[in-house]
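A closer look at the structure
Here is how the chains run, residue by residue.
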Amino acid sequence: MAILSKEEAQAILKKVIGYSTSDECMVSLRGAQEGNIRYARNAVSTAGESSTMDLSVSAVYGKRVGTASINEFDDESLQKVVKRAEELAKLAPENPEYMPALDPQQYEESPTYVESTAAIDPLKRAEMVGDSLAVSKADSLEAAGFLNNSKGFRAIMNSKGLFAYNKSTDVSFSVTIRNQEGTGSGYVSNSFNDVAKLDTGALSKIAATKAKTSAGARAIEPGKYTVILEPLAVSDMVGWLARGFDARSADEGRSYMSKKGGGTRLGEQLFDEKISIYTDPTNPELPSATWDMEGVPVKKTTWVENGVVKNLEYSRYWAAQQGVEPLPFGAGGRGFGGGGGLIIPGGSASLEEMISTTERGVLVTRFWYIRSVDPQTLLLTGLTRDGTFYIENGKIQFPVKNFRFNESPVIMLNNVEELGKTVRSGNILVPPMKIRDFTFTSLSDAI
Amino acid sequence: MNRKNFIRASGLGLGAYLLGDLPAFGRTIAPEAALERLEVGKKKELADIALQEARAKGASYADVRIGRYLNQAIFTREKQVRNMANTESYGIGIRVLVDGCWGFAATDRMSKESIAQTTGLAVAIAKGNARFMTEPVQLAPQKGVGDVSWNTPIERNAFEVPIADKIDLLMEANAAAMSNGASFVTSTLMMVNEQKYFANTDGSYIDQDIHRIWPTFTVTGVNKASGKFESRDALSAPRGMGYEYLTAGRPYQVGGSPVALYKDHYDLVADAVAAAKQVKEKFNAKSIQPGKYDLVLDPTHLGLTIHESTGHPTELDRVLGYEANYAGTSFLTLDKWKSGKFNYGSKLVNVVADRSQKGSLGAVGYDDEGVPAQQWDIIKDGILVNYQTIRDQAHIIGLAASQGCCYADSWNSIQFQRMPNVSLQPNPQQRSVEDLIKDVEKGIYIMGRGSYSIDQQRYNFQFGGQLFYEISQGKIVGMLKDVAYQSNTQEFWNSMVDIADKEDYRLFGTFSDGKGQPSQASAVSHGSSTARFNGVNVINTARSIG
């Protein structure tokens, strides 16, 4: 029941719109089936499965909007939810930023749904966790991990006849492997639409190797270092950039995209020319819906080209205020979901090659507990975690203690020495990066 | 989900109908529907179906949580309401212990058949997980308490206050900020009512009605010519209270301090006025010279430091490694506790865990596995003496019973160990904040929750704040900016040389402490009086991006 086909979803939405008597009406229907296993200390700690489907109706009178939702789908329930939304709309204050419903739109196709991922059952999850546990047990290490898979659909329709539908699958895996003494720790994490791309055993071997090789870390002085950031570490930092692409905050003077004297940094060379950033909902490695929740089509968009800011995101309201076309960031949205589908094209160097050309530097597996310190400059603080190594003369020399950093991704992307090969990391596609003058401000004893 | 995302996800540019996407929210309902109550007898009947089914299928223990979670939130900016949400989530979660292994399943279909079937699924999951079991669960005994109830002691149910009144209050605060020079203001009021019914095979049938409220705002000033902006967040605390928290009382004024603070009543409008004025002052504030300073930390700020550096590392599941893949582990390992002399802080550092404190976010009658609320020492005279436990952990530290720290954020989430209120005790000697400041030669007085980051074992942290004042030769001499301090937990708490008495004791709180996979939110308070820390490393956070 949870996953409806396009035709089934359309039929329910049409029926709901048919019951509506308000000036405008928007209906959203979604369903999802999710399952997960969590393990720690080499044993499963919790496991669960859930299935949900609900319908949300927004009724509009003038600029007054009322919303109600329901998880029952018989005719009487559907009529009830429409009536309730209409009652709430009549009581609601006017929303001066309300934008009228969109006319029907054309959308591109995106390969978001993969049958084999949709077919994952508790047994398959247990097998995948078994592959991970086999790695930690074989090396007398201790694993704690989480495997989560989902399939779902979303559909929207409005009273002007706009209709959009998307179904998608996702599988996410992460594992922390530590040695028994607690002196070494490794981590891997990734997400895919297609479960065939996920090998929990192979990923766990990487985490196990890091757990062993990071043991016995030495302290080196904090300061400015050339760093090689693995893709996970890059995604931890650059995901924060996405928040700044909102044109309204920039126009209002309260983001790092705001310009001295007023206006935005659109057209400005804000990053090193090796950096380009785009989003593309049809990218086969990182597919997402090709429409946003108001039904605006989402297309491939270049945000930064050779370091120059090329586009900012405009909501329909702000676009109308500024006299430009609306430009959505993506179905995932900015600022949450880890960067909303950012793609940074890289080069051809492997991580090993990048290390081999480094005279002195620090290799960072990932960052942890990143928080904004100053939104004006996007200064962030956080720590390295689960495998930090000292490089000298083109070789990893020894593991080092974790550092706290204070660094802005804007400054970091001005200090780019080299980009490696782009890969998926969570919900973004980024290359490993070699960055000069990365600022570590103190040492941490944490392992 | 952290606060920023919570607000972001329901904010500008998104249709109101997206609210259902937020995990904290369930179905949207009419405001008056929030006042309807489920009959206790009906809940007991449903719970018994699951308990009987679990026993019949071989469970040695089972518990059932029937939850109705109500959320109301109003989001505004300047002169308009950005969004309103009024939601309900209702369902049943069933946890079973079969052959020493936990299983859990949940459903929002409340028919007898569905509940029996869901119980069967929980049993099947427990059996399926058994293949990966290394040691069977040991559940600390807890005598059943029979049919009991508990309610947050509120004076006025916030859900009974008309939405129009709440909008008026937020609009008044916004207008006050704007007329005092703010460029922008956003304000939010969030209210939670958890109606939880718990039953287990020990013979407990516990009906609880829990309330929480959080008024907050951000005032922003923009200077377009210089391209600079500054902001100040509200100095309110989320509380386990009703609407009476917003009945403006007299602010709490610290002698010599330029800032009005609040105890058990919060004046949203007056704080918004103060924030707008302070934002203007921030533009001309002195940028901090990095170095060692004595810090005087107000409870509106110190609460988060306690949360991160005392609350989290004393969670026993973290100590044992159950959170290794997400929140992390802890430097407060069992050997340190066993030694009985691990010097966590100075002799003035006394930290108490408490699930019964009135007005706090963590206050309940019973936890989510039927254990009565209680209070215990975690740090005594600077020494680590205890942790936070639930029933399947108590034996690990030699306790005969759980300390009652079990919580799930929804009927469909699995309950696990969560932080109780963890609070720093005031000075037993009479000591005012003025007395504290008088003795400081070169220091910084910090208020409000700012940027915060700490490592996964809770050694190294960095904290910012909302307001910083320079103390020179015992006097507050002016505002500072670009301040953050870095320290190591043990060093920091050993540098605590002074703390004010109970007159100054206030509660800080957080609505959305995240832990677990899938992540669950929990609300918790941290009380303290203003305290002084000597010789802490302070950095300057100003940068330039051209």
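Residues numbered from 1 in each chain as written. Chains lettered and ligands numbered in written order. Predicted model: local features only at pLDDT ≥ 70, side-chain atom pairs only at ≥ 80, totals over all residues. Heavy atoms only, no water.

**With respect to the overall build of chain A**
For clarity, the threshold we go by: Segments assigned H or I by DSSP are reported as helices when at least four residues long, segments assigned E as strands when at least two residues long, and all are numbered from the N terminus. Here the radius of gyration uses the C-alpha set of atoms, whereas the globule reference equals 2.2 Å times the residue count to the power 0.38. Residue burial is assigned from relative accessible area. The probe radius is 1.4 Å, only protein chains are included, and a residue is buried under 20% of its type maximum, exposed over 50%, and partly exposed in between. Contacts: residue pairs with any heavy atoms within 4.5 Å of one another. All accessibility values rest on the Shrake-Rupley procedure with a 1.4 Å probe; residue burial counts only the protein chains present in the view.
Each helix and strand counted, chain A has 10 helices and 18 strands in total. Computed over its C-alpha atoms, the radius of gyration of chain A comes to 24 Å, within 12% of the 22 Å expected for a compact globule of 447 residues. Principal axes of the C-alpha set define a box for chain A whose edges measure 70 × 60 × 35 Å. Burial status across chain A gives 61% buried among its 447 residues. Long-range pairs, those at least 24 residues apart, make up 72% of the contacts in chain A between residues at least 6 apart in sequence. A total of about 16700 Å² of accessible surface is found on chain A, and carbon and sulfur atoms cover 47% of it.

**A word on the overall build of chain B**
Across its full length, chain B carries 10 helices and 28 strands. Scaling as 2.2 N^0.38, a compact globule of 546 residues should have a C-alpha radius of gyration of about 24 Å, and chain B matches this with 24 Å. In terms of principal-axis extent, the alpha carbons of chain B reach across some 70 × 55 × 45 Å. For chain B, the proportion of its 546 residues judged to be buried stands at 65%. For chain B, long-range pairs separated by at least 24 residues make up 74% of all intrachain contacts whose partners lie at least 6 apart in sequence.

**What about the packing of helix H4 (residues 163-179) of chain B against helix H5 (residues 268-283) of chain B?**
Residues and elements named next belong to chain B. Note the following rule: Structural elements are reduced to axes, namely lines fitted to C-alpha atoms, with helices fitted over the stretch in contact, and the angle between N-to-C directions of any two is expressed from 0 to 180 degrees. The cut-offs work like this: below 35 degrees is roughly parallel, past 145 is roughly antiparallel, 65 to 115 is roughly perpendicular, and the gaps in between are oblique. If you view the pair so one helix is near and one far, a crossing is left-handed when the near helix is turned anticlockwise from the far one by less than a right angle, and right-handed when it is turned clockwise.
Running from N to C, H4 and H5 cross one another at 25 degrees; their axes reach a closest spacing of 8 Å. In terms of orientation, H4 lies roughly parallel with respect to H5. As H4 packs across H5, the resulting crossing turns out to be right-handed. Counting all contacts with H4, which are made through Leu169, Leu170, Glu172, Ala173, Ala176 and Ala177, the residues of H5 involved are Leu268, Val269, Ala272, Val273 and Ala276.

**Thoughts on the interface of chain B and chain A**
Definition in use: Buried area: the accessible area, evaluated with a 1.4 Å probe, that two parts lose upon being put together, summed over both parts. Salt bridges are identified by distance alone: a Lys or Arg side-chain nitrogen within 4 Å of an Asp or Glu carboxyl oxygen. Polar contacts here mean pairs of N or O atoms no more than 3.5 Å apart (in protein, one a potential hydrogen donor and the other a potential acceptor; neighbouring residues in sequence count only if both atoms are side-chain atoms). Amino acid classes used here: Ala, Val, Leu, Ile, Met, Phe, Trp, Tyr, Cys and Pro are nonpolar; Asp, Glu, Lys and Arg are charged; the rest, including Gly, are polar.
Listed per partner, the contact involves 74 residues of chain B and 86 residues of chain A. In total, about 7200 Å² of surface goes out of reach between chain B and chain A, with carbon and sulfur atoms giving 51% of it. The interface formed by chain B and chain A contains 3 salt bridges. Residues A:Arg41 and B:Glu135 are paired through a salt bridge, measuring 3.7 Å at the closest nitrogen-oxygen approach. Here chain B and chain A share 32 residue pairs in polar contact (both at pLDDT 80 or more) between them. With 4 residues, the top contributor of residues to the side of chain B that touches chain A is helix H1 (residues 3-9) of chain B. The class makeup of the residues in the side of chain B that touches chain A is 31 nonpolar, 27 polar and 16 charged.

**Brief notes about the state of the cysteines**
Residue and element names in this part refer to chain B. Short version of the rule: Counting rule for disulfides: a pair of cysteine sulfur atoms within 2.5 Å.
Applying the stated criterion to the full structure yields 0 disulfides over all chains. In this model Cys101 remains outside any disulfide bridge; the closest cysteine sulfur is found in Cys406, 16 Å from its own. No disulfide involves Cys405; its sulfur sits 8.8 Å from that of Cys406, the nearest cysteine.

**Examining the packing of aromatic side chains**
This is how it is decided: A pair of Phe, Tyr and Trp rings is counted when the ring centres sit within 6.5 Å of each other, with Trp represented by its six-membered ring. The angle between the planes then sorts it: under 30 degrees is stacked, over 60 is edge-to-face, the rest tilted. Throughout this description, the term charge over a ring refers to an Arg CZ or Lys NZ atom that lies within 6 Å of the ring centre and within 35 degrees of the ring normal.
As enumerated under the stated definition, the model contains 31 aromatic pairs over all chains in all. Where A:Phe403 meets A:Phe440, the ring centres are 4.3 Å apart and the plane angle is 15 degrees; that geometry is what we call stacked. Here A:Phe403 is found in strand S14 (residues 403-407), whereas its partner A:Phe440 is found in strand S18 (residues 433-443), with 37 residues between them in sequence. Like A:Phe403, the residue A:Phe440 is buried in the burial classification. Ring centres of B:Phe461 and B:Phe492 lie 5.2 Å apart, and the angle between their planes is 85 degrees; this geometry places the pair in the edge-to-face category. In this pair, B:Phe461 is assigned in strand S21 (residues 460-463) and B:Phe492 in helix H10 (residues 489-494), connecting sequence segments 31 residues apart. Using a relative accessible area of 1% as the deciding quantity, one classes B:Phe492 as buried. Counting every residue linked through ring pairs, the aromatic cluster contains B:Tyr344, B:Phe461, B:Phe463, B:Tyr485, B:Phe492, B:Trp493 and B:Phe533. Lying over the aromatic face of A:Tyr113, A:Lys167 brings its terminal NZ or CZ to 4.1 Å of the ring centre. If you follow B:Lys442 out to its NZ or CZ, it ends over the ring of B:Tyr293, 4.4 Å from the centre.

**Let's talk about the sheet that holds strand S8 (residues 277-279) of chain A**
Residues and elements named next belong to chain A. Selection rule: In this analysis, strands are considered paired if DSSP registers two or more bridges between them.
Spatially, the 3 strands line up as an open sheet ordered S8-S9-S10, and their pairing is antiparallel. The sheet terminates laterally at S8 and strand S10 (308-309), the two strands that pair on one side only. The pairing of strand S9 (residues 301-305) with S10 spans 2 bridges and is antiparallel. Of the residues in S10, the one forming a bridge with Glu305 is Val308.

**A word on the domain arrangement of chain A**
Residues and elements named next belong to chain A. For clarity, the cut-off: Each domain's limits were defined by an automated method or a database of domain assignments.
As far as domains go, chain A holds domain 1 (6-212) and domain 2 (216-447). With centres defined by C-alpha atoms, the gap from domain 1 to domain 2 works out at 25 Å. Listed by partner, the interface residues are 37 residues for domain 1 and 32 residues for domain 2. Roughly 2800 Å² of surface becomes buried between domain 1 and domain 2 when both sides are summed, with 54% attributable to carbon and sulfur atoms. When the buried area of domain 1 at its contact with domain 2 is split by residue, Met99, Tyr187 and Lys210 rank highest and sum to 20% of it. Summed over the shared surface of domain 1 and domain 2, the result is 3 salt bridges. Glu230 is the salt-bridge partner of Lys210, the closest N and O atoms lying 2.5 Å from each other. Put simply, domain 1 and domain 2 have 15 residue pairs in polar contact (both at pLDDT 80 or more) between them. Put simply, the parts of the chain that give the side of domain 1 that touches domain 2 at least two residues each are strand S4 (141-158), strand S5 (163-179) and strand S6 (185-192). Taken together, the residues of the side of domain 1 that touches domain 2 sort by class into 14 nonpolar, 15 polar and 8 charged.

**Topic: the environment of A:Gly182**
Residues and elements named next belong to chain A. If you trace the backbone, Gly182 turns up in the loop between S5 and S6. Look at Gly182 and you get partly exposed, because its relative accessible area is 22%. Linking Gly182 and Glu294, residues 112 residues apart in sequence, is a C-alpha distance of 49 Å.

**Some remarks on the pairing of S14(A)**
Residue and element names in this part refer to chain A. Burial of S14 is extensive: 5 of the 5 residues sit out of reach of the surface. Burial of the side chains of S14 extends over both faces: Phe403, Phe405 and Glu407 are buried on one face and Arg404 and Asn406 on the other. Bridge analysis of strand S12 (residues 379-392) against S14 gives 4 bridges, and the strand direction is antiparallel. The residue bridging Leu383 from the neighbouring strand is Arg404, located in S14. Here S14 pairs with S18 via 3 bridges, running antiparallel. Each bridged residue has a counterpart across the sheet, and for Arg404 the counterpart in S18 is Ser442.

**What to know about H5(B)**
All names here are of chain B. Going by this rule: Helix span is expected to be 1.5 Å times the residue number reduced by one.
The first and last C-alpha atoms of H5 sit 23 Å apart over 16 residues, in line with the 22 Å expected at 1.5 Å per residue. Turning to H5, its buried residues are Leu268, Val269, Asp271, Ala272, Ala275, Ala276, Gln278, Val279 and Lys282. On its buried side, H5 packs onto H4, strand S7 (204-223), strand S8 (228-233), strand S22 (467-472) and strand S23 (475-481). For H5, the capping residue at the N-terminal end is Asp267, with a side-chain oxygen 3.3 Å from the backbone nitrogen of Val269.

**Some words on the pairing of strand S13 (residues 351-354) of chain B**
Residue and element names in this part refer to chain B. Residues Val351 and Ala353 of S13 are buried on one face, and the alternating residues Val352 and Asp354, pointing to the opposite face, are buried as well. In the sheet, S13 pairs with strand S14 (residues 375-380) via 4 bridges, with the strands oriented antiparallel. Pairing of Asp354 across the sheet is with Gln375, part of S14. Inspection of the sheet shows S13 paired to strand S18 (residues 421-424) by 4 bridges, in the antiparallel sense. Its bridge partner being in S18, Val351 is matched across the sheet by Leu424.

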